[in-house]
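# Results of the structural survey
Residue-level listing of the chains:
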Amino acid sequence: MSATHRGSAPALARSVGRLVLDPTRCTGHGMCAELFPEKIALDDWGYPMIDPNGVPYHLEKHAERAVKGCPVMALRFERARTDA
Amino acid sequence: MRHRLLAGLPADAPLSLAAHREIHGETPTVGRHDADVLIRDVAAAGLKGRGGAGFPAATKMALVAGSRRPIVVVNGTEGEPMSAKDRVLLEMTPHLVLDGAEIAAQAVGARECLLVAPTDTLPGLHKAVRERRHLPRSRVRVKLAPAASGFVAGEETAVLAHLERRPPRPRPVPPRPAERGYRGRPTLVNNVETLAHLALIARHGSAWFKGVGTPERHGTTLVTISGAIHAPGVYEVPCGVEVPRLLSIAGGAMDSVRALLVGGYSGAWVDGTGAGLTFDDASLQSAHAMPGAGVVVALGASDCPVAETARLAGWLSQESADQCGPCVHGLESLAQLLQRTETGRRHRGDRERLARWTWMVTGRGACQHPTGAARMIASASRVFAAEFEDHARHGRCEACAWSRVLVTPGLRQSRVA
């Protein structure tokens, strides 16, 4: 699972956006995985691995909480473009 | 095959401007109206970056061309210890590099070029720049800067950080240097060899460039061949040359060849002499390897692949820029695992851990460092499976203590068991 990997086209079409991590800011607090376990898991050293398949509509609030909950602002949410 | 970049070499001394002109002809000037034509010709030539990433040169140029206050950075850092091709170009045929730098600058509308090179090459480069002073140049100023040392220091964003007087650490992309690079300006960063090829494409055209090579990777490429061969050095070969032929080009193998490290320290081990493989992306990909920056190291029967891999993994871990958790911790975990394996103190589950951790660090850094290290380690575990098992069971072999094929500058002694 790559921090910058783009999901497959059909999966992204169903998602409202994706979480992007800045690995140079991340210090492995793990708050994001706590707040959004559906899409974020921690690796063997406590650093987040983000599901590359984008965030579906019904989980958007959790994505926003994870972004706000990061103490070092390492996470951001990139909204998918709504135009076709 | 006729030499292109290395035409006129080897020579006792660097090629003077006069000698350079005699061999390659006059330097073309790219006027504002010719810039588009040149970029399109470079696209037709299919020139791919020779710094390791292999990004299409014309695409980068097109991104920077026409932007506000662009600048060109010539990357001669060559952080890869087993590579010497950039050094050879900078030391022996500097005018070809300077030609390419000026042509690239003219093509993208830049007035300035920063040439980053190892400190000891700078006096010779200053001399070459002075030789050109009287030429009717097209307002492109070339400034020289000493390169930082370290494995990741040659990564393009690390070079920019260093030029901005910050530690030479990669930064996350986007934005890419072509968009926001040196001090926020659109920056064309090119490897020294890429620009040398550009200097010749500007003279002879794309059809000429494609005269050698493969449909997917055109032209010639410089390779640095070292290890258990008789004539280690930098050679110019056509893209797509048979990999075993590289060994005969370099004077033949000294020993029976156990394996080749292809693509440098971020590349992959391939079995034996690479029989059946050709030096291009498609063929090497089938062996999980890539051309990279053209580094090939031959491991002989009297070298120990386990000791070499373990030592290299330790060095790669040490060379981390210390920015990203998975790189810092993952590479250290893998280095320790390999050291355990080498010394016969392997833990239960280590084989699974190696596979897991090489997967886990891949793609998780701001730069390709952890990905490359993982690639190298994973390939070693495949190609040297028998030797790994042997060491795990019986500890170090006779060759372990002496095996020093791979150069690991500044490796901290605490890592050597």
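Calculation rules
Residues numbered from 1 in each chain as written. Chains lettered and ligands numbered in written order. Predicted model: local features only at pLDDT ≥ 70, side-chain atom pairs only at ≥ 80, totals over all residues. Heavy atoms only, no water. Helix = DSSP H or I, 4+ residues; strand = E, 2+ residues; numbered from the N terminus. Buried < 20%, exposed > 50% of the residue type's maximum accessible area, 1.4 Å probe, protein only. Contact = heavy atoms within 4.5 Å. Areas by Shrake-Rupley, 256 points an atom, 1.4 Å probe, with all protein chains shown as cover. Polar contact = N/O pair within 3.5 Å; in protein donor to acceptor, adjacent residues only side chain to side chain. Pairing = 2+ DSSP bridges. Axes fitted to C-alpha atoms, helices over the stretch in contact; angles between N-to-C directions. Phe/Tyr/Trp six-rings, centres within 6.5 Å; stacked < 30°, edge-to-face > 60°. Lys NZ or Arg CZ within 6 Å of the ring centre and 35° of its normal. Salt bridge = Lys/Arg side-chain N within 4 Å of Asp/Glu carboxyl O. Buried area = accessible area lost by both parts, 1.4 Å probe. Nonpolar A, V, L, I, M, F, W, Y, C, P; charged D, E, K, R; others polar. Core = buried A, V, L, I, M, F, W, Y, C linked by side-chain atoms within 4.5 Å.

## A word on the overall build of chain A
What chain A contains, in helices and strands, is three helices and five strands. Going residue by residue from the N terminus, the α and β elements of chain A occur as α-β-α-β-β-β-α-β. Out of the 84 residues in chain A, the part that is buried amounts to 45%. Taking contacts inside chain A between residues at least 6 apart in sequence as the whole, the part at least 24 apart equals 62%. Accessible area of chain A: about 4900 Å², with a carbon and sulfur share of 54%.

## Considerations on the side chain of Ser 379 of chain B
By secondary structure assignment, the location of Ser 379 of chain B is in helix H15 (residues 369-383). A distance of 2.7 Å separates a polar side-chain atom of Ser 379 of chain B from the backbone oxygen of Met 376 of chain B.

## Looking at the sheet that holds strand S1 (residues 15-21) of chain A
Residue and element names in this part refer to chain A. Read across the open sheet, the three strands follow the order S4-S1-S5; overall the sheet is antiparallel. What marks the edges here is a single partner per strand, and that holds for strand S4 (55-56) and strand S5 (75-79). In terms of strand pairing, S1 meets S5 through five bridges, oriented antiparallel. Across the sheet, the residue bridging to Leu 21 is Leu 75, located in S5. Packing of helix H3 (residues 60-69) onto the sheet brings it into contact with S1, S4 and S5, and relative to S5 it is tilted by some 145 degrees.

## A look at the packing of aromatic side chains
Residues and elements named next belong to chain B. Counted by the stated rule, this structure contains six aromatic pairs over all chains. Pairing Phe 151 with Tyr 265 gives two aromatic rings, centres 6.1 Å apart and planes at 35 degrees, and the pair type is tilted. Taken together, the residues Phe 151 in the loop between strand S3 (141-146) and helix H7 (156-163) and Tyr 265 in the loop between strand S7 (257-262) and strand S8 (268-271) connect sequence positions 114 residues apart. Summarising the burial analysis for this pair, Phe 151 and Tyr 265 share the class buried. Across from the ring centre of Trp 208, 3.9 Å away, lies the NZ or CZ of Arg 4, which sits over that ring.

## Digging into the pattern of salt bridges
One pass over the full model with this rule turns up 33 salt bridges over all chains. Across the pair Glu 78 of chain A and Arg 18 of chain A runs a salt bridge, and its minimum N-O distance is 3.0 Å. On the criterion of sequence distance, the pair formed by Glu 78 of chain A in strand S5 and Arg 18 of chain A in strand S1 is long-range, its members being 60 residues apart. For Glu 78 of chain A, a relative accessible area of 25% corresponds to the partly exposed category. Note that Lys 39 of chain A is salt-bridged to Asp 51 of chain A, the shortest N-O span being 3.2 Å. With Lys 39 of chain A in the loop between helix H2 (31-35) and strand S2 (40-42) and Asp 51 of chain A in the loop between strand S3 (48-50) and S4, this pair connects stretches of sequence that are twelve residues apart. If you follow the salt bridges from partner to partner, you end up with Arg 50, Lys 85, Asp 86 and Glu 193 of chain B in one network.

## Quick look at the interface of chain B and chain A
Residue-level contacts link 18 residues of chain B with twelve residues of chain A. When chain B packs against chain A, close to 1300 Å² is buried across both sides, 59% of that on carbon and sulfur atoms. Across the chain B-chain A interface, the total number found is two salt bridges. Close ionic contact of Asp 44 of chain A with Arg 356 of chain B constitutes a salt bridge, the shortest N to O distance being 2.7 Å. Viewed at the interface, chain A and chain B are joined by seven residue pairs in polar contact (both at pLDDT 80 or more). Those elements that place two or more of their residues in the side of chain B that touches chain A are helix H13 (325-342) and helix H14 (350-361) of chain B. Across the side of chain B that touches chain A, the residue classes tally to eight nonpolar, eight polar and two charged.

## Things to note about the pairing of strand S6 (residues 233-238) of chain B
Look at any regular strand and the pattern is simple: side chains alternate between the two faces of the sheet. Residue and element names in this part refer to chain B. By the bridge criterion, six bridges tie strand S5 (residues 220-227) to S6 in an arrangement that is antiparallel. Each residue of the ladder has a partner; that of Val 223, found in S6, is Tyr 235. Counting the residues that bridge the hairpin from S5 to S6 gives five residues.

## Remarks on the side chain of Ser 226 of chain B
Along the chain, the position of Ser 226 of chain B falls in strand S5. Its relative accessible area of 12% is what places Ser 226 of chain B among the buried residues.

## Comments concerning H7 of chain B
Residues and elements named next belong to chain B. Most of H7 sits inside the fold, with seven of its eight residues counted as buried. Of all the positions in H7, only Glu 156, Thr 157, Ala 158, Val 159, Leu 160, Ala 161 and Leu 163 are classed as buried. Among the structural elements, helix H3 (57-64), strand S1 (71-75), strand S2 (112-117), S3 and strand S4 (187-191) are those in contact with the buried residues of H7. One or two steps after H7, the chain reaches Arg 165, where phi turns positive at roughly 65 degrees.

## Here's the deal with the nonpolar core
Of all hydrophobic cores here, the largest spans 64 residues; its most connected members are Leu 19 and Ile 40 of chain A together with Tyr 265 and Trp 269 of chain B. Leave out the neighbours within four places in its chain, and Ile 40 of chain A touches Leu 19, Cys 32, Ala 33, Pro 48, Met 49, Ile 50, Ala 66 and Leu 75 of chain A.

## Things to note about the sheet that holds S3 of chain B
Residues and elements named next belong to chain B. Strands sit in the order S3-S2-S1-S4 across an open sheet of four strands; the sheet is parallel. Taken across any chain shown, the strands that pair with only one partner, and hence form the sheet edges, are S3 and S4. Ignoring which end each strand starts from, the neighbouring axes of this sheet average 20 degrees apart. Where S1 and S4 come together, five bridges link them in parallel fashion. Bridging from a neighbouring strand, Val 72 pairs with Leu 188 of S4. Against the sheet, helix H5 (residues 94-108) engages S1, S2, S3 and S4, with an angle of about 155 degrees to S1.

So, to be careful, I would describe these as geometric facts and stop short of saying anything about function.
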